[in-house]
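# Architecture at a glance
Chain by chain, the residues run as shown.
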Amino acid sequence: MKHVTILGATGSVGRSTLDLVERAPDEFHVEALTANSDVAGLAAAARRTRARIAVIADDARYEALKEALAGSGVEAAAGASAVADAAARPADWTMAAIVGCAGLAPVMAVVERGGTVALANKEALVSAGALMTSAVAAHGATLLPVDSEHNAIFQCLEAHALERVRRIILTASGGPFRTWSREAMAVVTPEQAVKHPNWSMGAKISIDSATMMNKGLELIEAHHLFPVGTDRLEIVVHPQSVIHSMVEYVDGSVLAQLGTPDMRTPIAHSLAWPERMKTPCESLDFAKIARLDFEAPDLERFPALAVARRVVDANPAKSAILNAANEIAVGAFLERRIGFLEIVPVVEATLERYDPPVPAALEEVFTIDREARIFAQEWIEARAF
Ligand code: NAD
Ligand code: MG
């Protein structure tokens, strides 16, 4: 019996995780489930799985959660610190599927108890970087990558040493605007931008895929998970999303992980690791796929990639700033306060205006994150789009 906790249980990755856990009730027991504001979704999942505790981050919804859980025997709690407290409770495996830097404190709570974190929440690692990876080492925690690219790389790296790697190739779908001109992208709506061609995901990561900032964040994520040197991290656009990423060794061998675009495969890989478990994911039909295409990313049409490249080896504060400004810009785009092509300029302006020293502790990362959000917000307001 594996005791599991799911942070961000009501989201796209959280629901896929619940699906796997609920298919094997004899193998998994749910310790804690958390969500931001979806009381009904959280309470229903907690009742179904007989979780010990359900936590809603939004304090104002505590009474509603208690009511929704009445008579179920599931404990209710509310508030951001209660989410981190839930993460700190003993569990064998914790899915980190909160979106954004809001997930950083809960992830660190798991790391500090020496737990196993299945990391979907890339923004936490991008913001905290080496502070997180060194805490993982110091506390004997285990970090399992769930992001499909990083999970693919992790699978291709097993039993091989990093020094024998020639390069790591992250694949990118190119998003919904892969073939679009800048002129056409200038007027896209949030509804158009959230429609990913291959994956069904939460709103924020869908917009990140459309700007390709997602691949920028993933470059920084890969840099921390697989320290081979950033000159060995490459990005190739692969529109079919069949190859999830590749590792090339010094002898010229390239190993790839393939699969249908279904997050339950990488989630199951991390859930069963180091074993394997069955999933209902469809098999690839190679004859139907017929061909796999590849192209170089276009840095002119997708400047987010160049911005992330500049940041990855800079002062780690810059990665936290990039992430925070991007979260604010994506939020502003979803609220129709800025245009699609203004997202990356907000990030660039914030990176330019704000230059804090290298963060030496997690508290400093939280301060940088908070201040970068203020800078980004001010820049958006001053531009008055
Ligand atoms: P989502 O928006 O569908 O779900 C986000 C979850 O986080 C929800 O449960 C929500 O309640 C919770 N949440 C949001 N804000 C919170 C806050 N302030 N405090 C506490 N909880 C909060 O997002 P998603 O698509 O499931 O993505 C989750 C994470 O996984 C992101 O970091 C994303 O980049 C990453 N990821 C997602 C996919 C995918 O296929 N969806 C693939 C790879 C990586
Ligand atoms: Mg990914």
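These numbers were taken from a predicted model, which means no experiment stands behind them.

Near ligand 1, the surroundings consist of 28 residues, among which Gly8, Gly11, Asn36, Met201 and Gly202 are the closest. Of all elements in the fold, only α1 (12-23), α6 (122-128) and α11 (203-211) reach the threshold of two or more residues within the shell around ligand 1. Taken together, the residues of the shell around ligand 1 break down into 14 nonpolar, nine polar and five charged. Split by domain, the shell around ligand 1 shows at least three residues from each of two domains, domain 1 (2-145) and domain 2 (150-262 + 283-383).

Our next topic: the nonpolar core. If you look at the biggest cluster of nonpolar residues, it comprises 123 residues, and the most contacted ones within it are Leu42, Ala54, Ala96, Ala329 and Val346. With eleven residues, helix α16 (residues 317-334) is the largest single contributor of residues to this core. Residues lining this core come from more than one domain, with at least three contributed by each of domain 1 (2-145) and domain 2 (150-262 + 283-383). Other than its neighbours up to four places away in sequence, Ala54 contacts Leu33, Leu42, Ala43, Ala46, Leu65, Leu69, Val74 and Ala76.

Once that is clear, we can look at the UniProt feature "domain: DXP reductoisomerase C-terminal" (unreviewed entry) in the chain. In the numbering used here, UniProt assigns the feature "domain: DXP reductoisomerase C-terminal" (unreviewed entry) to residues 258-373. Taken end to end, residues 258-373 has its terminal C-alpha atoms 37 Å apart, with 54% of it in helix and 1% in strand.

Secondary-structure assignment places Asn315 in the loop between α15 (304-312) and α16. Asn315 sits 43 residues away from Val358 along the chain, and the two C-alpha atoms are 5.8 Å apart.

Interhelical geometry of helix α2 (residues 39-49) versus helix α3 (residues 62-69) gives an angle of 35° and a closest axis separation of 9 Å. In this structure, α2 crosses over α3, and the sense of that crossing is right-handed. In this structure, α2 contributes Val39, Ala40, Leu42, Ala43 and Ala46 to the contact, and α3 contributes Ala64, Leu65, Ala68 and Leu69. When grouped by side-chain class, the residues that make up the contact of α2 with α3 number nine nonpolar, no polar and no charged.

Okay, unusual backbone geometry next. Cis geometry is found at the peptide bond from Trp273 to Pro274, where omega equals 5°. Structurally, the position occupied by Pro274 is in the loop between α13 (264-272) and α14 (286-289). Of note, the phi angle at Met212 is positive, near 70°, even though the residue is not glycine. A positive phi angle, near 65°, is found at Arg336, a position not held by glycine. Relative to the assigned elements, Arg336 resides in the loop between α16 and α17 (343-353).

The next subject is the sheet that holds strand β1 (residues 2-7). Strand order in this open sheet of seven strands is β4-β3-β2-β1-β5-β6-β7, and the pairing throughout is parallel. The strands lining the two open edges of the sheet, one partner per strand, are β4 (75-78) and β7 (142-145). Neighbour-to-neighbour, the strand axes of the sheet open up by a mean angle of 20°, direction not taken into account. Across four bridges, strand β6 (residues 116-119) lies against β7 in parallel orientation. Residue pairing for β7: Ala118 is matched across the bridge by Leu144.

All right, on to the domain arrangement of the chain then. It is common to report an interface's size as the accessible area lost on association of the parts. Segmentation of the chain into domains returns domain 1 (2-145) and domain 2 (150-262 + 283-383). On a C-alpha basis, the centres of domain 1 and domain 2 stand 24 Å from each other. Tallying the contact residues gives 17 residues for domain 1 and 23 residues for domain 2. Looking at the side of domain 1 that touches domain 2, the element that brings in the most residues is α6, giving six residues.

About the thresholds
- Residues numbered from 1 in each chain as written.
- Chains lettered and ligands numbered in written order.
- Predicted model: local features only at pLDDT ≥ 70, side-chain atom pairs only at ≥ 80, totals over all residues.
- Near = placed C-beta within 6 Å.
- Helix = DSSP H or I, 4+ residues; strand = E, 2+ residues; numbered from the N terminus.
- Nonpolar A, V, L, I, M, F, W, Y, C, P; charged D, E, K, R; others polar.
- Domains from an automatic or database assignment.
- Core = buried A, V, L, I, M, F, W, Y, C linked by C-beta atoms within 7 Å.
- Buried ≥ 20, exposed ≤ 12 C-beta atoms within 10 Å, placed from the backbone.
- Contact = placed C-beta atoms within 7 Å.
- UniProt positions renumbered as here; feature names shortened; annotations may be inferred.
- Axes fitted to C-alpha atoms, helices over the stretch in contact; angles between N-to-C directions.
- Left-handed = near helix turned anticlockwise from the far one by under 90°.
- Pairing = 2+ DSSP bridges.

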